[in-house]
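# Coordinates in review
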Amino acid sequence: MIRTGFSILRRALLGSLLAAALPGLVHAADTPNQIRLDYAYYSPTSLVLKRFGWLEEAVKSSGIEVKWTLSQGSNRALEFLNSGSIDFGSTAGLAAVLSRANGNPIRSVYVYSRPEWTALAVPKDSPITSVAELKGKRIAATKGTDPFLFLLRSLNEAGLSRNDVEIVHLQHADGRVALEQKRVDAWAGLDPHLAASELEAGTKLIYRNVNFNTYGFLNVSEKFARNYPEQVRTVIAAYERARRWVIANPDEAAKILAEEAKLNLVVAQAQLKRTDFSNPRIGREHHDALRAAAPILVAEELVRKGTDVSKVVTELIEPTFTSAVLAAKD
């Protein structure tokens, strides 16, 4: 009885702190008719959540419908968010920064994974062994995604710019095909397509850098967060259930990924092995990492001239929702 009373008091206090931390963003609102989310093969947590229907279960008594949309990459998820066709979208962290800097009103509220999901790849018989050797070459990448930004950062580190190469803008799956058919010299790949190409076509990774892979962020539109803060917490709580399940059941999670993405099970297992699900709490670590990565957006003129990218990062990351959910679960 005492513990129950303490839990109620703690939830009330967390609600007050949330309101204080988000002035103008949180207020009492009606319940939405729908919660619209994406799911993505680069986010195994989303696949588990969709498979087991835990969000549907959580909102059933409120009469809320849950609608799922497949995102093929961060660029698609961000387009869906910007157009208002989804409320929650799964993206890479730096891609979310770029999108917000260019006017997409989103907040990043949860970390669904810390993956090493991208690298620079060449065909199995390519003589290319370093980033510097990519000068003058054709490289496939999906604009506005982590692999695209990984490519730019890798070129910059090697003393090159995007003007020193020809970037062929293709969606991730098409980039894999183009590489294996040798229509491009290299590819900034994304799992699970990258892992599949490695294992099934002998594709070689010539450059890996886990620090150039940014975090997997769950983003919400500012409008939804402002109108329905309780449902934001409900979605995060459902994601938390899925994240903890993935950690506890890696073999079953790999099977779900393989089935949903139509992958060989070995490929799905390889993807999961290089994905860290241990820390869902968004905050200072991600703020600092994205601020360190932000100069490439300015240097490559991917954001409007004069944009304060550090300020954009601060405005993007909203830790309070997840902090409230995790505190209630502890």
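Here the residue numbers are simple positions, counted from 1 along each chain's written sequence. The predicted nature of this model means local features are confined to residues of pLDDT at least 70 and side-chain atom pairs, given and counted, to a pLDDT of 80 or more, with totals for whole chains, interfaces and linings taken over all residues. Side-chain figures throughout are based on the complete set of non-hydrogen atoms in the structure, without hydrogens or water.

### Re the packing of aromatic side chains
The aromatic pairing rule takes the rings of Phe, Tyr and Trp, using the six-membered ring of Trp, and pairs them if the centres are within 6.5 Å, calling planes under 30 degrees apart stacked, those over 60 edge-to-face and the rest tilted. This structure, assessed with the given rule, holds 9 aromatic pairs. Of the aromatic side chains, those joined through ring pairs into one cluster are Phe52, Trp54 and Trp245. Our definition puts a charge over a ring when NZ of Lys or CZ of Arg is within 6 Å of the ring centre and also within 35 degrees of the ring normal. It is lysine 50 that lies over the ring of tyrosine 39; its NZ or CZ is 4.6 Å from the centre.

### Points about the sheet that holds strand S8 (residues 186-190)
Sheet architecture is open: 5 strands sit in the order S7-S6-S8-S5-S9, paired in mixed fashion. At either margin of the open sheet sits one strand with a lone partner, and together these are strand S7 (166-169) and strand S9 (204-207). Taking the axes of each pair of neighbouring strands and ignoring which way they run, one obtains an average angle of 35 degrees across the sheet. Pairing geometry for strand S5 (residues 118-122) and S8, over 4 bridges, is antiparallel. Residue pairing across strands places alanine 121 opposite tryptophan 187, the latter belonging to S8. Contact criterion: two residues are considered in contact whenever any of their non-hydrogen atoms come within 4.5 Å of each other. Axis definition: a line fitted to C-alpha atoms, over the contacting stretch in the case of helices. Angles run 0 to 180 degrees between N-to-C directions. Under the DSSP-based scheme used, a helix requires at least four consecutive residues in state H or I and a strand at least two consecutive residues in state E, with every element numbered from the N terminus. Taken strand by strand, helix H7 (residues 172-180) contacts S5, strand S6 (138-141) and S8, and its axis lies near 145 degrees from that of S8. At least two bridges found by DSSP between two strands are what make those strands a pair.

### Digging into the pattern of salt bridges
For salt bridges, the criterion is a side-chain nitrogen of Lys or Arg within 4 Å of an Asp or Glu carboxyl oxygen. Throughout the structure, instances matching the rule amount to 21 salt bridges. A salt bridge links glutamate 318 to arginine 107; the nearest nitrogen and oxygen atoms lie 3.2 Å apart. On the criterion of sequence distance, the pair formed by glutamate 318 in the loop between helix H15 (309-316) and helix H16 (320-329) and arginine 107 in strand S4 (residues 106-115) is long-range, its members being 211 residues apart. For each residue, the accessible area found with a 1.4 Å probe, counting protein chains only, is set against the maximum for its type, and the residue is called buried under 20%, exposed over 50%, and partly exposed in between. Assessed through its relative accessible area of 4%, glutamate 318 is described here as buried.

### A short note on the pairing of S5
Here S5 lies mainly inside the structure; 5 of its 5 residues are buried. With 3 bridges joining them, S5 and S9 adopt antiparallel strand pairing. Pairing of valine 122 across the sheet is with lysine 204, part of S9.

### Points about the environment of leucine 134
Relative to the helices and strands, leucine 134 is located in the loop between S5 and S6. Along the backbone, leucine 134 and valine 165 are 31 residues apart, and their C-alpha atoms lie at a distance of 6.9 Å. Setting aside anything within four residues of it in sequence, one finds leucine 134 in contact with Leu120, Ile128, Ile139, Asp164, Val165, Ala186 and Ile206.

### Examining the confidence of the model for the protein
Residue-level confidence of the predictor is summarised by pLDDT, bounded by 0 at the bottom and 100 at the top. Averaged over all residues, the pLDDT of the protein equals 91, while 91% of them reach at least 70. Within the model, the stretch residues 16-21 combines pLDDT values under 50 with 7 contacts to residues more than four positions away or in other chains. Counting interchain partners and residues more than four positions distant, the pLDDT-below-50 stretch residues 23-28 has 13 contacts.

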